[in-house]
Amino acid sequence: MRPRLIPLLCLAFCMTITSGAAATDSLHRSRQCIVVVTENWSATTGVLRAFERDGSRDKWKPRGADVPVVVGKKGLAWGRGLVPMQGGSGPTKIEGDNKAPAGIFRLASAFGYAPRRAARWVKLPYLALSKQIEGIDDPRSRYYNQLVDRSKIARVDWRTSEQMLRNDDLYKWGIFVEHNRDARPGAGSCIFLHIWKGPAAATAGCTAMPEKELVKLLRWLDPAAYPILIQMPRSSYPTFQSKFHLPKEL
């Protein structure tokens, strides 16, 4: 169901349904690609590589050096992204499983602690976080899998949520991963690329990295280039690489 446009966060943070044709078109048109691979489904660390191309028929070219990342405390599980992840082995992501989603996802918006005027260098639609903004992880809420401003909600219907303006720097900069865009209850919510605590500190389901590397990505990512995240165990990658013409240099 398409969320009503209410006066809260009507950037890309309001999740909408994407048709199969539109999803495939976004994948075909993408000119910026972030690939994260782990050694297996239970691994909590991985490697991130960025790729770019000039046009949809051009070869993907690597951009920059490899970046170490951490993923969920329980590894990865197939999520709900641009294309169905069918026919492969591996678990399926559910709410609260401490697994990061595997699959192919759009990267359409960003957020951070800085006011918008101080983050003009971020090309993606940007949300300046405040104490009122929460990530809704209650599957029973109409705002499930959204970032909302509590002060602008007439009737709060969630029992659990995450305060986005934290006392640490984990969300100082972040990118919203469009997993479970149509907000299927219980399929997982509020997945981000964000700053890590360190190379041994896995997450509750996000993908995290050093701040300087995340800032590099934010400076580079351009909504006009339809940026995507491809994330999965290394053994699963070749099947999807050949099917969807993903980067080969892994």
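Residues numbered from 1 in each chain as written. Predicted model: local features only at pLDDT ≥ 70, side-chain atom pairs only at ≥ 80, totals over all residues. Heavy atoms only, no water.

Turning our eyes to something else, we now look at the overall build of the protein chain. Secondary structure summary: the protein chain contains three helices and 13 strands in total. Put simply, the protein chain has 250 residues, and 53% of those count as buried. Intrachain contacts of the protein chain at a sequence separation of at least 6 include 65% that bridge at least 24 residues. Accessible area of the protein chain: about 11700 Å², with a carbon and sulfur share of 51%. (Helix = DSSP H or I, 4+ residues; strand = E, 2+ residues; numbered from the N terminus. Buried < 20%, exposed > 50% of the residue type's maximum accessible area, 1.4 Å probe, protein only. Contact = heavy atoms within 4.5 Å. Areas by Shrake-Rupley, 256 points an atom, 1.4 Å probe, with all protein chains shown as cover.)

Sheet architecture is open: three strands sit in the order E8-E7-E9, paired in antiparallel fashion. Both outer strands of the open sheet, strand E8 (147-149) and strand E9 (161-163), are each paired with one neighbouring strand and no more. Taken over all neighbouring pairs, the strand axes of this sheet differ in orientation by 35° on average, direction set aside. Relative to E8, strand E7 (residues 133-136) runs antiparallel, the two being bridged by three bridges. Of the residues in E8, the one forming a bridge with Ile133 is Asp149. (Pairing = 2+ DSSP bridges. Axes fitted to C-alpha atoms, helices over the stretch in contact; angles between N-to-C directions.)

Tallied over the entire structure, the rule returns ten aromatic pairs. Three or more aromatic residues joined by ring pairs form one cluster here, namely Trp41, Trp78, Phe240 and Phe244. Between the NZ or CZ atom of Arg166 and the centre of the ring of Tyr171, over which it lies, the distance is 5.2 Å. (Phe/Tyr/Trp six-rings, centres within 6.5 Å; stacked < 30°, edge-to-face > 60°. Lys NZ or Arg CZ within 6 Å of the ring centre and 35° of its normal.)

Okay, the side chain of Glu178 next. Checked against the element boundaries, Glu178 lands in the loop between strand E10 (173-177) and strand E11 (191-195). Accessibility expressed as a relative area gives 3% for Glu178, which makes it buried. A distance of 2.7 Å separates polar atoms of two side chains, one belonging to Glu178 and the other to Arg181. (Polar contact = N/O pair within 3.5 Å; in protein donor to acceptor, adjacent residues only side chain to side chain.)

Peptide bonds are trans in most cases, and residues, glycine excluded, mostly fall at negative phi. At Asn145, a position not held by glycine, the phi torsion is positive, near 65°. Its place among the elements puts Asn145 in the loop between E7 and E8. A positive phi angle, close to 50°, is found at Cys190, a residue other than glycine.

Looking now at the pattern of salt bridges. Counted by the stated rule, this structure contains 14 salt bridges. Note that Glu134 and Arg150 form a salt bridge whose closest N and O atoms lie 2.5 Å from each other. Remark: Arg150 occurs in the loop between E8 and E9 and Glu134 occurs in strand E7; sequence separation between them is 16 residues. Taking the shortest distance from any N to any O, the salt bridge between Asp157 and Arg142 comes out at 3.5 Å. Placement of Asp157 in the loop between E8 and E9 and of Arg142 in the loop between E7 and E8 is noted, with a sequence separation of 15 residues between them. It is possible to trace a salt-bridge network through shared partners that takes in Glu162, Arg166 and Asp168. (Salt bridge = Lys/Arg side-chain N within 4 Å of Asp/Glu carboxyl O.)

For the protein chain, per-residue confidence averages 90 on the pLDDT scale, and residues scoring 70 or more make up 88% of the total. Segment residues 1-8: pLDDT under 50, and 15 contacts once partners within four positions in sequence are set aside and those in other chains are kept. Low confidence marks residues 10-19, where pLDDT is under 50. Its contacts with residues over four positions away, or in another chain, come to 29 contacts. (pLDDT = per-residue confidence, 0-100.)

Counting 28 residues, the largest nonpolar core has Ile34, Trp173 and Leu193 as the members making the most contacts within it. Listing elements by their share of this core, those giving two or more residues are strand E1 (32-38), strand E2 (45-52), strand E3 (61-70), strand E5 (100-112), E10, E11 and helix H2 (211-220). Ranked by residues supplied to this core, first place goes to H2 with five residues. Apart from residues no more than four positions distant in its own chain, Ile34 is found in contact with Leu48, Arg49, Leu107, Leu193, Leu217, Trp220, Leu221, Ile228, Leu229 and Ile230. Core analysis: the next-biggest nonpolar cluster, separate from the first, contains 22 residues, Leu76, Trp78, Ala102 and Ile104 among them. (Core = buried A, V, L, I, M, F, W, Y, C linked by side-chain atoms within 4.5 Å.)

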